[in-house]
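Report on the structure
Residue-level listing of the chains:
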Amino acid sequence: MIKPEGSYVDLDMPKILSSKKLASLWHLMKGYHTNYLIATVFLGLAAFARTNMYLVLGRYLDQVIGEGFVGNQLLLAALNFGAMIVLQAISSFMSNWMASFTAENTTRRLRDYLFDHIQRLSYAYHAEAKTGDLLERATSDVDTLRRFFAEQAVGIGRIVFIFIINLFAIYSLSPHLARISVIIVPIILIVSMIFFKKLSKAYESYQEQEAVLTTNLQENLSGVRVVKAFARQDYEIKKFDDNNREKFNRGKKLNLMHSFFWPISDLISAGQQIYSSFTAAMMVINGALTIGNFVTFNSLIAWLIWPIRNLGRLIVDTSRAFVSFGRVSEILRAPEEDLFSSTYEPAEGIRGEVEFRNVDFEYEKEHPVLKDVSFKCEAGQVIALLGSTGSGKTSLVNLLPRFYDVTNGSILLDGVNLKEYSRSYLRSQIGIVEQEPFLFSDSIRDNITYGVHREVTQEEVEQAAREAAIHDVILNFSNGYDTLVGERGVTLSGGQKQRVAIARTLLINPRILILDDSTSSVDMETEMQIREALDKLMANRTTFIIAHRIQSIMAADLILVFDKGEIAQCGTHEQLLNEPGMYRDIYSIQTRIDSELQKEIDSVNIL
Amino acid sequence: MSTFYDESEYDDNVTSQGPVLRRLLKVLKPHWKTMLFAMIGIALVSFLDAYFTILNKRIIDEGIAESNISTLVRLFSIYASIVLAQSFGFFLFIYLIGLQGERVRYDLRKALFNHIQKLSLSYFSKTPLGWIMSRVTSDTEKMADLLTWGIIDTTWAITNIIFASIYMFTIEPKLALIVVLSLPLMIIVSFKFRVNIYRHYRQSRKANSKMTASLNENITGVRVVKALRREDKNLKAFEVLSTEMFRESYRAAFLSAIYLPTIQTISAISLVLVLWQGGLMVSGTTLTVGGLQAFVSYIMMILWPIQDLARVYAEMQNAVASSERVFSLLDTKPAIVNRENTLPPTSLVGDVIFENVSFHYEDGEPVIRNLNFQVKQGQTVALVGPTGGGKTTTVNLLCRFYEPTSGRILIAGHDYLEYDLQNIQSRIGVVLQTPHLFSGSIRENLRYGNLEASDEQVEKAAKLASAYDFITSFEHGFDQNVGEGGNLLSVGQKQLISIARALLAEPDIFVMDEATSSVDTLTEALIQKGMHQLMSGRTSFIIAHRLSTIKSADQIFVIEDGQIAESGDHKSLIQQRGIYYNLYTKQFRHDLETKFDPFIDAGTEANTA
């Protein structure tokens, strides 16, 4: 039964999220309810077997003292006792097994669900969300839920079962004993709940200091050159020692709480037990109970009182599980991006004609990022977007794969409104090469084939890599195409990453291309190679270039100069040169640079 | 560095446990009295635990069976007093041992941190930051746990088994033999289970860190995931990881679920035998009812010390491995240490001379070859050249972060090996390319340059570095919090603060690695001004990227392949029309392109000659 079962898809998330806390957690276990019920039944059986074991022991002792056993009755009685232990053991095992089976499966499904949900949340959601926070919720909060299913839910059930069955058994021995034995129970429960609540606060403060200490250490290590440059070792030692001591002090406080709680609660529980036990002993002497009853009672009362302390802890932990569930459901409530609604898919594929009609776009209300943008281009044309940071270039290209949708106006692709196409289909037709592309810590081959949804031969991969001028670089790595990218393998330079992304896009073979042509962080030769690779990539594709250099702009069929979200100038290179404006200013740069440089050199020679 | 440092990459195969264990026990040496006290205390508690059963036996046999109320009252009074005394004992030794644990953690962390401060830069360039961090954080925890609760639990468990066995033999040797013979089986089974559970638990931790890393990557790369429609495939890949996590975690849980029931079942065998044979004895009156009852209690309770033993045993191997790593860090010798008979602390004002200096990190791969130059007191030197040419190594040698493998460096007339290391490093001011600030206020960061500086001095330095205006514009001024690593400030602001910090230190020699990242024009001008303040009157070495810095230098060294390829001032080098000329004109073009292009994105223009 080690293979996990069930798929996350059958989770009815709306139902889970709309239910009350406990019911939500119950719905989350969907598919494992039977297992959980089995776990519960065995919990009861285990409690019953344990109680019965002591009853059997009592009867056995009375028999031994009294008329004695005849023949093999003694062995049978002993075996009966052993059988109860074994029944108890098997039942405990079954309930723990079923509970952990449920807990692990439920958690695994929730993890998968969350992973998938998070990657399908909208672009806007991810722009806002903090990675660390998302991660924290998807890992440690989910683990808190796992512990709820595996430990708290079962633990509370176990204690309640034991309590009820034992109380019932004691009652059957003597109602009076049952009454006097539970006096302390509410007190212990309340005391332990208060204690564990306080403890968890103190523990948090201890953990916080641990984090401070870790940060201190990390900053010291990453700033080791500064420490050495100012010879501040003694200062650093003192700083760390202060933080270290603070952690020690908080640990001391935590420890003091433990040192008081355990002995005191021991004392209270033991007081109850001694009182009950003495009463029972007197009853035996008075003839109201047998010695066997006394032994039984003595064992049952221990199981009645001592687990209550733990119940306090479990209840406090459960409230933490509810908090965690709240944090997880905040993520789950956020709507996923709809990838597949709208079904228009031209049979012959798209050509790549793009038209913007009076497009307005804003991330937040009243803060327009694009204002009344209109232009049209033919399939296969190159459109250069120029403008300073924040002028709207990036926002414009983000509209094409429908990472965001327009606020007003419309975008037409081959004459059809973009919203008619499903997001999934659109994205399959659009390739993006960013300035500093994100690569995954897989092999280089995996990164190149990352966007292709079919089997790719090694020849194809190499062909793409050659065209992207990265093949030779890859062969120089120790494991060639199997070399891992990132911490466990090679660290690629910005230019190399960009070429891997170019190879990746070549394999996808999209009709529309979005490029960030900044290549400033590479040397001349590499820059040439990247240029050539980009030229190959752009051939026959409608290309939107966020342009940083003259060469790509000059070759463009349409140049859009953006200023504060609006198209300030638009036209071809020749057209724009003939009108006054920003464009003409840029174009004259090279000639100006040459003359400035000459002046500079001359000035040196004259000096 | 990695946030998800994979701890479980290290296996726990310790070469030989003996020496490590002996050394581990030495950690306790300063606290041996407390430990001894606690161990005696726990042995006493353990004795009383075993004695309770005897007391119960006597309550049944001498009190109840004899219907002797006064004996009954007396026995219950003894019982109550022992409980009271034991609670007090519990309090004492939970307190002592817990405190002990905190103290050992504190001591270990302190020893490690203090030792780390002594290590040379070369150690940090070869050792991942995460590795060092794990030694100080998690390994010390494991060691402290073993040294406190590990020892205490073991003591309790062993004495408890021994006391219980002795009592059983005094009650009835034949029955006791049955129980004692079953012990080895229970102990072996327990150990096997515990070791396996612990192994799967560790595997699940490993799987968990892989899973977290994958999730992290998917969130940071979500733009690419969406653009390339990788959702389905990524989910499949994640499912592999989450299934692995499930498998290990579930196996650990399954083994835990079956573990206790298994040893309970084994104990059931001895219980049945005891009840059977014991029943016969009671009928034959060689055994009392209380005695028989005591046996049942002992057998049931002996499962606890056995479980404790097994748990400590399973965790011990891991803790010993942790200790070995911690000790190996403590044993690492700093590569650079003071020579004997160093000069007393003194100023470093004077010429700087490199005499045939060569240096390599690895044998056969020279980084600096036969470097010779002389810099007069107060001159500014600009180091230029390609990345990897040796500029940074040159200044690292000057700061004595590394020492030459051959040749000498003379500062103010002495071989710098004659100076005290601290003396050199505190008299040379360094401003790094990516300024590193510490969490805390701006004032605290500035004072890093001079711990004794008064508020006036701090403000004066800030003014000289042109940082005063932006600092006072913050809500809390100099007390503004800079965030972790200074990340609440902009790059330019961090640079200005690091310049002010260096000014406050009033170094004799100034070393700067000029930043390549771009800042706005105004901040750039402020930085230049601050640098001039630092350079004036001081011998300065600048790894230069700004043309204005390079041009104004007294000497320019073009460093290529660990050698000085060209040297001279700006004018003579331009006239040579060599490497420098090319570097300069290229950088000049680039700077102008940046300057003239109104569309260029901030941050993309970073480039160096």
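Anything mentioned here points back to the structure above.
The sections below set out a description of the structure shown in this document.

Reading the values: the criteria
- Residues numbered from 1 in each chain as written.
- Chains lettered and ligands numbered in written order.
- Predicted model: local features only at pLDDT ≥ 70, side-chain atom pairs only at ≥ 80, totals over all residues.
- Heavy atoms only, no water.
- Helix = DSSP H or I, 4+ residues; strand = E, 2+ residues; numbered from the N terminus.
- Rg over C-alpha atoms; globule rule 2.2 N^0.38 Å.
- Buried < 20%, exposed > 50% of the residue type's maximum accessible area, 1.4 Å probe, protein only.
- Contact = heavy atoms within 4.5 Å.
- Areas by Shrake-Rupley, 256 points an atom, 1.4 Å probe, with all protein chains shown as cover.
- Lys, Arg positive; Asp, Glu negative; His and termini not counted.
- Charge placed at Lys NZ, Arg CZ, Asp CG, Glu CD.
- Pairing = 2+ DSSP bridges.
- Expected span 1.5 Å × (residues − 1).
- Bend = angle between axes of the 7 residues up to and from the residue.
- Buried area = accessible area lost by both parts, 1.4 Å probe.
- Nonpolar A, V, L, I, M, F, W, Y, C, P; charged D, E, K, R; others polar.

A few points about the overall build of chain B
- For chain B, the helix and strand inventory stands at 20 helices and 10 strands.
- Taking 25 Å as the expected radius of gyration for a compact globule of 609 residues, we find that chain B reaches 36 Å, considerably beyond that expectation.
- In terms of principal-axis extent, the alpha carbons of chain B reach across some 120 × 65 × 55 Å.
- Relative to its 609 residues, chain B shows a buried fraction of 56%.
- A sequence separation of at least 24 residues applies to 77% of the contacts in chain B between residues at least 6 apart.
- Put simply, chain B shows about 25,300 Å² of open surface, and 56% of that area lies on carbon and sulfur atoms.
- Computing the positive centroid from 57 side-chain charges and the negative centroid from 61, chain B places the two 4 Å apart.

Description of the overall build of chain A
- Secondary structure summary: chain A contains 22 helices and 10 strands in total.
- Here the C-alpha coordinates of chain A stretch approximately 120 × 70 × 55 Å along the principal axes.
- Counting over 607 residues, chain A shows a buried share of 56%.
- Sequence-distant contacts in chain A: of pairs separated by 6 or more residues, those separated by 24 or more amount to 76%.
- A total of about 26,100 Å² of accessible surface is found on chain A, and carbon and sulfur atoms cover 55% of it.
- Charged side chains in chain A number 61 positive and 71 negative. The centres of these two groups are separated by 10 Å.

Observations regarding the sheet that holds strand E4 (residues 406-411) of chain B
All names here are of chain B.
- Strand order across the open sheet formed by four strands is E2-E1-E4-E5, with antiparallel pairing between neighbours. Two strands close off the open sheet at either side, each with one partner strand: strand E2 (366-375) and strand E5 (414-415).
- Pairing between strand E1 (residues 352-360) and E4: five bridges, direction antiparallel. For Glu355, the partnering residue across the bridge sits in E4 and is Arg408.

Description of helix H11 (residues 291-333) of chain A
All names here are of chain A.
- Helix length check: H11, at 43 residues, gives a terminal C-alpha distance of 62 Å against a target of 63 Å (1.5 Å per residue), a fit within 8%.
- For H11, the principal kink sits at Ile308 and spans about 30°.
- Most of H11 sits inside the fold, with 31 of its 43 residues counted as buried.

Notes on the interface of chain A and chain B
- Opposite the 150 residues of chain A that make contact, chain B presents 146 residues.
- When chain A packs against chain B, the two sides together hide about 13,900 Å² of surface, and 68% of this comes from carbon and sulfur.
- Considering only the surface of chain A that becomes buried against chain B, Phe115, Arg225 and Phe230 of chain A emerge as the three largest contributors, covering 6% of it.
- Among the residues forming the side of chain A that touches chain B, the class breakdown is 78 nonpolar, 40 polar and 32 charged.

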